[in-house]
Amino acid sequence: MAGVNRVILIGNLGKDPDIITFDNGVKKASFSLATTESYKNKEGNRVDQTEWHNIIMWRGLADIAERFLRKGSQIYIEGKLRTRSYETDGVKKYITEVFTDNMTMLGSRQQRDSNEIPPEIAAQSPKVDNTGKGSETEAPQPEDDLPF
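This one's a predicted model, so the numbers in the text were calculated from it and none came from an experiment.

1. A look at helix α1 (residues 59-68)
Point 1. When α1 is considered as a whole, its buried residues turn out to be Leu61, Ala62, Ile64 and Ala65. For α1, the angular spread of the buried residues around the axis is 160 degrees, confining them to a single face.

This is the structure we're talking about:
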C-alpha cells in the first residue's frame, strides 16, 4: 500500500520570502510560517501555542511569493514534508521542510498590501497551483443576505 504525505497549513509569514534564482532561471522561495493554536488550560486561562514551519516554493509559486508575500501575510498552503540533513562542525543536523504544491493568499487585497489581517476577514484571493499548467484565479464569492 502506498503512503500519504500531505500537509495543509494556514498561517502567517514570519519574514519576507528569501528568493534564489538559479542559472537556468528557476526560482526558489523559502520562508518561515507560524501557525497558532489556542486552548484553555485547566485553570480556564487561554493558552496560545505557536509552531514554526519551514516553507519551500519553486518556480511559479516562488514568483508569486516574491511579488506578493511579505512578513505577516496570511496564506493557506498544501504540500508535502521533506526532511534533509547537513553537517555543522561534525554534528549531523536535520531539517524538515514543507514543499508547497498549492497556495492561496488570504485576506483582502488592501490588507495584504498593508499586511494587517484582522481575524474577522477570511476572503480568498488568487489561488495558485504548482502543477506547471499555469495559475488559476478564483472569482470572489458574493456574500449572501440570508437572515440565517
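On we go from here.
2. Topic: the confidence of the model for the chain
Any segment with low pLDDT has predicted coordinates that should not be analysed in fine detail.
Point 1. With 72% of its residues at a pLDDT of at least 70, the chain reaches an overall mean of 81.
Point 2. Ignoring residues within four places in sequence, the model shows residues 131-142, a span with pLDDT below 50, making 9 contacts including any to other chains.

3. Things to note about unusual backbone geometry
In most cases, non-glycine residues show a negative phi, while peptide bonds are predominantly trans.
Point 1. Residues other than glycine seldom take positive phi values, yet arginine 59 does so here, at roughly 50 degrees.
Point 2. On the basis of relative accessibility, which here comes to 54%, the residue arginine 59 falls in the exposed class.
Point 3. The backbone of aspartate 89 shows a phi angle near 50 degrees, a positive value even though the residue is not glycine.
Point 4. If you trace the backbone, aspartate 89 turns up in the loop between β5 (74-88) and β6 (91-106).
Point 5. For aspartate 89, a relative accessible area of 79% translates into the label exposed.

4. A short note on the pairing of strand β4 (residues 46-58)
Point 1. Relative to β4, strand β3 (residues 27-40) is paired through 13 bridges, and the arrangement is antiparallel. Within β4, the position partnered with threonine 36 by the bridge is threonine 50.
Point 2. Adjacent in sequence and paired antiparallel, β3 and β4 are bridged by 5 residues, among which glycine 44 carries a positive phi angle near 90 degrees.
Point 3. Strand direction decides the pairing type here: β4 and β6, joined by 3 bridges, are parallel. Across the sheet, isoleucine 56 pairs through a bridge with phenylalanine 99, a residue of β6.

The rules we used
Residues numbered from 1 in each chain as written. Predicted model: local features only at pLDDT ≥ 70, side-chain atom pairs only at ≥ 80, totals over all residues. Heavy atoms only, no water. Buried < 20%, exposed > 50% of the residue type's maximum accessible area, 1.4 Å probe, protein only. Helix = DSSP H or I, 4+ residues; strand = E, 2+ residues; numbered from the N terminus. Arc of directions from axis to C-beta. pLDDT = per-residue confidence, 0-100. Contact = heavy atoms within 4.5 Å. Pairing = 2+ DSSP bridges.

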